Amino acid sequence: MTRYDDQAERTFVALPPAQGRGFAQTWWGRAWLKALEDAAMDTAQVKTGRRLARAGAVGAVSVRPGRITAVVQDRDRTAHRADVLLEQLSDAQWDRFADMATERSGHVAALLDRDMPPHLVEDAAAAGIDLLPGMGDLEPECDCGAWDHCGHTAALCYQVARLLDQDPFVLLLMRGRAEGAVLDALQAHGSAPTEDAAFRPEGVDAAEAYAAGLVLPPLPAPPGLGEGPGVPPSLDTEAAPPPGVDPSGLSFLASRTAAEAHRLLAEALRGGHGGHAVAPEPTPAQDAVRLAAGDPGPDVLDRLGDGSGRTPQALAAAVRAWRLGGGAALSVLEEEWAVEGDALARARAALESAWEEDERPSLLARANRWTVVGAPHQLRLDRRGRWWPYRREHGRWVPVGGPSQDPATALASAALTTDCEP
């Protein structure tokens with residue numbers, strides 16, 4: 001049997017404890033509870049459910065066609081998922097309901113005022129439509145294993161009675177159609193909703209949407225990581241490319257995007273990833289270096305250099321830094337910053353303790369860079385207190401190794417080269 005609105009769902013935040021008040025103030029709310037109390041085989045379970053609901057043990061309530069769901073906690077805080085099923089109306093019954101309601105304008109006005117007068121229910125029953133449940137219509141399901149209504153499903157029913165007091169459209173949703181679908185049907189059958197209803201905003205309340213997380217099923221397992229990035233489709237066709245389109249450049253960009261996506265997924269699946277801070281997005285100039293480190297062709301390399309404002313020599317040095325340490329190494333290469341305060345005190349202490357006094361090299365400091373006097377070697381300090389080795393090649397300072405907490409170790413790696421100039 002087809003359903004008009006079987007995907008509709010509303011989720012209501014957990015209600016506070018119902019101290020000193022009944023669960024149903026309206027006649028239709030009391031009729032709902034009577035259907036529960038008349039059908040339950042074990043009255044003790046009904047009383048247990050009433051106590052749990054009164055104590056606020058019922059979590060957010062999800063209402064959808066044919067089913068209501070909530071997580072209910074026992075006195076020992078054990079959580080159980082409780083469901084109560086209610087038969088949906090058929091499409092033919094909904095059509096008869098719309099015809100019946102539009103014959104008397106008072107029915108529509110009452111629904112829009114969140115009221116369900118007895119004559120509306122009586123007229124619906126005369127048309128063969130049972131809006132309110134009768135004995136045995138509320139079918140329980142609970143993961144505690146009970147075959148009849150248990151304290152958890154009874155608690156859910158008591159909580160829903162409070163929701164029905166506030167909005168009878170909750171009952172209509174259980175019977176198969178959300179409020180918007182009901183109003184559309186009434187309008188189609190000749191009775192237009194009031195102006196307020198016609199302009200009621202779509203969607204659900206933010207609090208209701210947030211509360212849905214308490215009753216939604218668990219997320220699926222994370223995806224598996226393939227052996228390598230996917231291969232983008234080939235752009236090598238016999239047709240000439242449109243003006244301004246570079247197929248080789250697009251192919252390179254697609255392959256690097258796939259490689260970066262694979263790297264990011266590998267990081268996300270690594271244990272403890274959720275406890276690490278999210279790295280900032282690279283700037284366009286930094287991203288140009290990342291792409292250049294992927295060994296593009298000469299034409300793409302020239303475009304990356306021009307686009308990032310770097311000469312071929314500067315881009316080559318930037319690529320070298322990126323391969324040694326990504327964005328952090330690139331910042332050390334291209335940014336000069338003043339070392340002051342505690343950072344300066346720690347740097348001086350590290351330099352003092354790195355060598356014996358008679359072995360300590362003579363260093364000339366400028367900003368975050370310490371150059372060895374009389375040698376083509378240099379140390380650069382990053383903002384995390386790490387030392388990077390540099391050497392002078394063809395008139396430029398270039399990185400020659402990864403970072404170290406010990407300046408002597410970093411300087412030793414800078415000296416392990418013969419291709420340098422004074």
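**Comments concerning the overall build of the chain**
Broken down by element type, the chain carries 16 helices and 10 strands. Restricting the contact set of the chain to residue pairs at least 6 apart, pairs at least 24 apart contribute 66%. Looking at the chain as shown, the accessible area adds up to about 23300 Å², and 53% of this sits on carbon and sulfur atoms.

**Here's the deal with unusual backbone geometry**
Positive phi, normally seen in glycine, also occurs at arginine 77, with a value near 75°. Within the secondary structure, arginine 77 sits in the loop between β3 (67-73) and β4 (79-85). Positive phi, close to 50°, is recorded for histidine 394, a residue that is not glycine. Here histidine 394 shows up in the loop between β9 (387-393) and β10 (396-399).

**Focus: the pairing of strand β6 (residues 363-366)**
Pairing of β6 with strand β7 (residues 369-372), which is carried by 4 bridges, proceeds in the antiparallel orientation. By the bridge assignment for β7, leucine 364 is matched with threonine 371. The turn linking β6 back onto β7 is made up of 2 residues, and alanine 367 within it adopts a positive phi angle of 55°.

**Re a negative patch on the surface**
A surface patch of negative charge is lined by Glu356, Glu357, Asp358 and Glu359. With respect to the helices, strands and loops of the structure, glutamate 359 is situated in the loop between α15 (341-354) and β6.

**Observations regarding the packing of aromatic side chains**
Tallied over the full model, the rule gives 3 aromatic pairs. Consider the rings of tryptophan 94 and phenylalanine 97, whose centres lie 5.7 Å apart with planes at 85°: the pair is edge-to-face. One end of the pair is tryptophan 94 and the other is phenylalanine 97, both in helix α3 (residues 91-103) and 3 residues apart, which spans about a single turn. Summarising the burial analysis for this pair, tryptophan 94 and phenylalanine 97 share the class buried. Note that arginine 380 overlies the ring of tyrosine 390, its terminal NZ or CZ placed 4.1 Å from the centroid.

**Digging into the sheet that holds β6**
Reading across the sheet, the 5 strands line up as β6-β7-β8-β9-β10 and stay open at both edges, with antiparallel pairing between neighbours. The open sheet has two free edges, formed respectively by β6 and β10, since each of these has just one partner strand. Between one strand axis and the next, the sheet turns through 30° on average, direction left out of account. As judged from the 3 bridges shared by β7 and strand β8 (residues 377-381), these two strands associate in the antiparallel manner. Bridging across to β8, threonine 371 finds its partner in glutamine 378. This element, helix α14 (residues 312-334), spans β7, β8, β9 and β10 of the sheet and lies at about 45° to β10. In this fold helix α16 (residues 407-415) packs onto β7, β8 and β9, with an angle of close to 25° to the strand it touches most, β9.

**With respect to the side chain of histidine 80**
Within the secondary structure layout, histidine 80 lies in strand β4. Look at histidine 80 and you get buried, because its relative accessible area is 14%. For histidine 80, the side chain forms a polar contact with the side chain of aspartate 74, separated by 3.2 Å. At 3.0 Å, the side chain of histidine 80 forms a polar contact with the side chain of aspartate 143. When sequence neighbours within four positions are dropped, the list of residues in contact with histidine 80 reads Ala70, Val71, Val72, Asp74, Cys142, Asp143, Cys144 and His152.

**Re the pattern of salt bridges**
Counted by the stated rule, this structure contains 20 salt bridges. Between aspartate 91 and arginine 177 there is a salt bridge; the shortest N-O distance is 3.9 Å. Linking aspartate 91 in helix α3 with arginine 177 in the loop between α7 (169-174) and α8 (179-188), this pair joins segments that are 86 residues apart in sequence. Given the relative accessible area of 5%, arginine 177 is considered buried. One salt bridge connects arginine 290 with aspartate 287, and the closest N-O pair in it is separated by 2.6 Å. With arginine 290 and aspartate 287 both in helix α12 (residues 284-292), this residue pair falls 3 residues apart, about one helical turn.

**As for the confidence of the model for the chain**
Chain-level statistics for the chain give a pLDDT mean of 84 and a share of 89% at 70 or above. The low-confidence segment residues 191-199, where pLDDT is below 50, has 10 contacts with residues more than four positions distant or belonging to other chains. A low-confidence stretch, residues 418-422 stays under pLDDT 50, and its non-local contacts, those more than four residues away or across chains, total 9 contacts.

**Regarding the nonpolar core**
Nonpolar side chains tend toward joint burial in soluble globular proteins. With 64 residues, the main nonpolar core has Trp32, Phe97, Leu131 and Met174 as its most contacted residues. Ranked by residue count, the leading element in this core is helix α6 (residues 151-166), at 9 residues. Apart from the residues lying within four places of it in its own chain, the contact partners of methionine 174 are Trp32, Val63, Arg64, Pro65, Gly66, Ile68, Leu86, Gln88, Val160 and Leu164. Of all hydrophobic cores here, the second largest spans 21 residues; its members include Val319, Trp388, Tyr390 and Val398.

**Topic: a nonpolar patch on the surface**
On the surface, Leu225, Leu265 and Leu269 cluster together into a nonpolar patch covering about 210 Å² of accessible area. Within the secondary structure, leucine 265 sits in helix α11 (residues 247-269).

**Structural notes on the sheet that holds strand β1 (residues 10-12)**
Ordered by their spatial adjacency, 5 strands build an open sheet running β1-β2-β3-β4-β5, and the pairing between neighbours is antiparallel. Edge positions in the sheet fall to β1 and β5 (139-142), since each has one partner strand and no second. Recorded for the sheet is a direction-independent mean angle of 20° between the axes of neighbouring strands.

What counts and what doesn't
- Residues numbered from 1 in each chain as written.
- Predicted model: local features only at pLDDT ≥ 70, side-chain atom pairs only at ≥ 80, totals over all residues.
- Heavy atoms only, no water.
- Helix = DSSP H or I, 4+ residues; strand = E, 2+ residues; numbered from the N terminus.
- Contact = heavy atoms within 4.5 Å.
- Areas by Shrake-Rupley, 256 points an atom, 1.4 Å probe, with all protein chains shown as cover.
- Pairing = 2+ DSSP bridges.
- Patch = residues over 30% accessible without salt bridge, like charges linked within 9 Å, V, L, I, M, F, W, Y side chains within 5 Å.
- Salt bridge = Lys/Arg side-chain N within 4 Å of Asp/Glu carboxyl O.
- Lys, Arg positive; Asp, Glu negative; His and termini not counted.
- Charge placed at Lys NZ, Arg CZ, Asp CG, Glu CD.
- Phe/Tyr/Trp six-rings, centres within 6.5 Å; stacked < 30°, edge-to-face > 60°.
- Buried < 20%, exposed > 50% of the residue type's maximum accessible area, 1.4 Å probe, protein only.
- Lys NZ or Arg CZ within 6 Å of the ring centre and 35° of its normal.
- Axes fitted to C-alpha atoms, helices over the stretch in contact; angles between N-to-C directions.
- Polar contact = N/O pair within 3.5 Å; in protein donor to acceptor, adjacent residues only side chain to side chain.
- pLDDT = per-residue confidence, 0-100.
- Core = buried A, V, L, I, M, F, W, Y, C linked by side-chain atoms within 4.5 Å.

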